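Summary of structural features
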Amino acid sequence: MGHPLFFVFWLLFHKNENMKQFFSLLVFSTFFQFASAQSKEETAVATAVETLRKAMIDADKAGLEKITASKLSYGHSNGRIEDKATFVGNIVSGQSDFLTMDLTAQTIAVTGQTAIVRHTLGAKTNDGGKPGTVNLYVMLVFGKEGGQWKLVARQAVKIPPVQ
């Protein structure tokens, strides 16, 4: 015959229009709550990325220290890796100086207390007084600490030339 639960659902829903509407509303609202919660976290991560971007352009020491995790691993496109103190120090001193920074093609994937952000970074720089431009693919990893998204890791690669 079939599964006993199928028979129970058939009895409840076969001729009961109100029950069909209630069940449909229940399914829809459950899906909507899940989608809302997900997009709320993605929005919070996007805000953290923008906070980081502004702090880097403004060389804002307090802002950089607040948005980065204590165990930060910050990888540059040339292979250099910095910890939190070195990263913040280089931005604040002008050794690494972003005049502008445009982030495009950004994606955010949140899984629990971790978020992975990918984007294309285009910037005008003045590193140590030397003007330049950078075009990079960047991956950021954020972790949620005390209810706040903090940068845990960053790795950049140079965009390969079009062949």
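Just above sits the structure.
Here the residue numbers are simple positions, counted from 1 along each chain's written sequence. The predicted origin of the model limits local features to residues at a pLDDT of at least 70 and limits the giving and counting of side-chain atom pairs to 80 or more, whereas totals for whole chains, interfaces and linings rest on all residues. As a rule here, side-chain values cover all heavy atoms of the structure and leave hydrogens and water aside.

A few points about the side chain of R154
Helix and strand definitions here come from DSSP, where helices need a minimum of 4 consecutive H or I residues and strands a minimum of 2 consecutive E residues; each element is numbered from the N-terminal end. For R154, the location among the structural elements is in strand 6 (residues 148-158). Although R154 lies buried, it forms no salt bridge, and the closest oppositely charged side chain, E82, sits 7.5 Å away as judged by the N-O distance. Under the rule applied, a polar contact is a pair of N or O atoms within 3.5 Å (in protein, one hydrogen donor and one hydrogen acceptor; residues adjacent in sequence only if both atoms are side-chain atoms). Here the side chain of R154 touches Y74 through a polar contact of 3.3 Å, side chain to side chain. Working definition: with a 1.4 Å probe on protein chains only, accessible area under 20% of the residue-type maximum means buried, over 50% means exposed, and in between means partly exposed. Just so you know, the count uses Lys and Arg for positive and Asp and Glu for negative, and it drops His and the chain ends. Just to be clear on terms, a salt bridge is a Lys or Arg side-chain nitrogen sitting within 4 Å of an Asp or Glu carboxyl oxygen.

Points about the pattern of salt bridges
Inspection of the entire model under this criterion finds three salt bridges. The salt bridge involving K144 is made with E41; its shortest N-O contact spans 3.1 Å. A residue pair is termed long-range when its members are at least 10 positions apart, and K144 in strand 5 (residues 130-145) and E41 in helix 2 (residues 17-58) qualify at 103 residues. Exposure remark for E41: the relative accessible area of 22% places this residue in the partly exposed category. Of the charged contacts, one joins E50 and R53 as a salt bridge, the two residues approaching to 2.8 Å between their closest N and O atoms. One end of the pair, E50, and the other, R53, are both in helix 2, three residues apart, so they sit about a helical turn from each other.

Some points on the sheet that holds strand 4 (residues 114-127)
With mixed pairing, the six strands of this open sheet are ordered in space as 2-1-6-5-4-3. The sheet terminates laterally at strand 2 (81-82) and strand 3 (98-111), the two strands that pair on one side only. As paired strands, strand 3 and strand 4 are joined by eleven bridges and run antiparallel to one another. Each bridged residue has a counterpart across the sheet, and for A109 the counterpart in strand 4 is I116. Residues count as neighbours in contact if any of their non-hydrogen atoms are within 4.5 Å of one another. Here, axes are lines fitted to C-alpha atoms. For helices the fit covers the stretch in contact, and angles between N-to-C directions go from 0 to 180 degrees. Where helix 4 (residues 84-93) meets the sheet, it contacts strand 1 (68-75), strand 2 and strand 3, and its direction lies at approximately 75 degrees from that of strand 1. Following DSSP output, two strands are said to pair if at least two bridges run between them.

Here's the deal with the environment of Q95
Mapped onto the elements of the fold, Q95 is located in the loop between helix 4 and strand 3. C-alpha of Q95 to C-alpha of N126: the two residues are 31 residues apart in sequence and 8.2 Å apart in space. Apart from residues lying up to four places away in sequence, Q95 is in contact with N90, D127 and G128.

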